[in-house]
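# Observations on the model geometry
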Amino acid sequence: MSEPQSEAGSDRRIPVTLLTGFLGAGKTTLLNHLLRDPAMSRAAVLINEFGEVAVDHHLVDKVDETLIVLDSGCVCCSVQGDLVKALKNLFMRALRREIPGLERVLVETTGLADPAPVIYTLMQEPFIAERYRCDGVITAVDATHGQGQLDRHREAVRQVAMADRLLLTKCDLAGEDERAALATRLATLNPGAQQVEVFRGEVPAAAVSGCGLYDPAGKIPDVARWLGDERVRAQAAAAPAWRKPGAKPAAVAGHETRHDEQVTSYVLRFDEPLDWLGFSDGLGLILQVYGARILRIKGLLNVAGDPLPRVVQCVQHVAYPTGSLSAWPDGPPYDDRRSRLVFIVRDLAREEVVSILSSFCGQVCS
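Attention in this report is confined to the structure presented alongside it. (Residues numbered from 1 in each chain as written. Predicted model: local features only at pLDDT ≥ 70, side-chain atom pairs only at ≥ 80, totals over all residues. Heavy atoms only, no water.)

### Section: the overall build of the protein
Within the protein, the regular secondary structure consists of 10 helices and 13 strands. Taking all 366 residues of the protein together, the buried fraction comes to 53%. If you take every contact in the protein between residues at least 6 apart in sequence, the share linking residues at least 24 apart comes to 79%. Just so you have it, the protein exposes about 16400 Å², and 52% of that area is on carbon and sulfur atoms. (Helix = DSSP H or I, 4+ residues; strand = E, 2+ residues; numbered from the N terminus. Buried < 20%, exposed > 50% of the residue type's maximum accessible area, 1.4 Å probe, protein only. Contact = heavy atoms within 4.5 Å. Areas by Shrake-Rupley, 256 points an atom, 1.4 Å probe, with all protein chains shown as cover.)

### Describing the side chain of R340
Structurally, the position occupied by R340 is in strand β13 (residues 339-346). Residue classification places R340 among the buried positions, given a relative accessible area of 5%. Here the side chain of R340 touches D336 through a polar contact of 2.9 Å, side chain to side chain. (Polar contact = N/O pair within 3.5 Å; in protein donor to acceptor, adjacent residues only side chain to side chain.)

### What about the environment of A205?
With respect to the helices, strands and loops of the structure, A205 is situated in the loop between β7 (194-197) and α8 (221-237). Between the C-alpha atoms of A205 and D37, which are 168 residues apart in sequence, the distance is 6.5 Å. Ignoring any residue separated from it by four or fewer positions in sequence, one finds A205 in contact with L34, D37, A39 and M40.

### Thoughts on the pairing of β7
By the bridge criterion, 4 bridges tie strand β6 (residues 165-169) to β7 in an arrangement that is parallel. Within the sheet, the bridge partner assigned to L168 lies in β7 and is E197. The parallel pair β6 and β7, bridged by helix α7 (residues 176-189), forms a crossover whose chirality is right-handed. (Pairing = 2+ DSSP bridges. Right-handed = clockwise from strand over helix to strand, strands pointing away.)

### Focus: the pairing of β6
In terms of residue burial, β6 counts as a mostly covered element, since 5 of its 5 residues are buried. Burial of β6 is two-sided: the residues R165, L167 and T169 facing one way and the residues L166 and L168 facing the other way are all buried. Summarising the sheet, strand β5 (residues 132-142) and β6 pair through 5 bridges and their orientation is parallel. Paired with I138 across the bridge in β6 is R165.

### Digging into the nonpolar core
Among the nonpolar cores identified, the biggest contains 27 residues, and L46, L87, L102, V105 and Y132 are the most heavily contacted of them. At the level of secondary structure, the elements contributing two or more residues to this core comprise β1 (14-21), β2 (43-48), α2 (79-95), β4 (104-108), α3 (115-124) and β5. It is α2 that contributes the most residues to this core, 6 residues altogether. Once residues within four sequence positions are removed from consideration, L87 is found in contact with L46, V105, L122, I128 and Y132. With 25 residues, the next largest nonpolar core counts L283, V345, V353 and C361 among its residues. (Core = buried A, V, L, I, M, F, W, Y, C linked by side-chain atoms within 4.5 Å.)

Dropping the structure here:
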């Protein structure tokens, strides 16, 4: 997949790749494989997370000044804040040679992010648009859970519809018929996007680069409308100060809230090291009973007898194989070595989860 011979070929602006995909699609696993590719050695990474405690950046094998966490909210909601500030700072620091020259920026969004405001900002914010170019939207789609996510979550549909390329992740866990059915549905939602099957998260850098300047043409008509809505919102936000006191901006036609208001996030903390068997039984019961309401569980655990932080990740009814980091993070909040689990759920009260885990783990989680 070489760089197309187009305007992007002679464009000296820094290419930005937007890596999106619904919760649990495996974006962090993809990032780790990408960053091992020499072609990505001078790429900066911006990671945005949904939830009170950031976890994903601890799972990325890149520890330097060009890994930035955007943790003040979902990037599609705070796009005029953290994202713009981070891109400006990266450019100026590279200009002052405080960091190596940038050849690419990878932006990993939350699993609930709407790509439209991010794309609009990259294309229209003056400072950013003069120095960066949107080199494509890459959307990861879980081959094992993608159909259900597209049925239930409008964010997943938008992420697919706006993509330049679709990475079908976890193909090693899905049967051929399951993959074929998902591919057919994706082709209906976005007939112009190339589909790439991904096994074990292994993807070459060429799969996420060289898309050319982002162009809504060729995608379903909704994409142009969504970007048009962002223009109206931006114009309303920049309304002149003489607006009458108390006056409210006109509503955007067809405006919807960014996220499903029934989707919430909370963090459970354990003060003492956990008994692994008791915790596993409790988590297994939660997944069995409430799996349909669980969008994502992720966290680092202090397990009794294990000096390393254990990584836990779940999607719906499935708990993925656990692993360990090479060391506990030396910065807050994990520097206190307390176990923390982030739950992103739909219509699942915190109290129900706390009750089950506390009874199985022999300690009350806060």
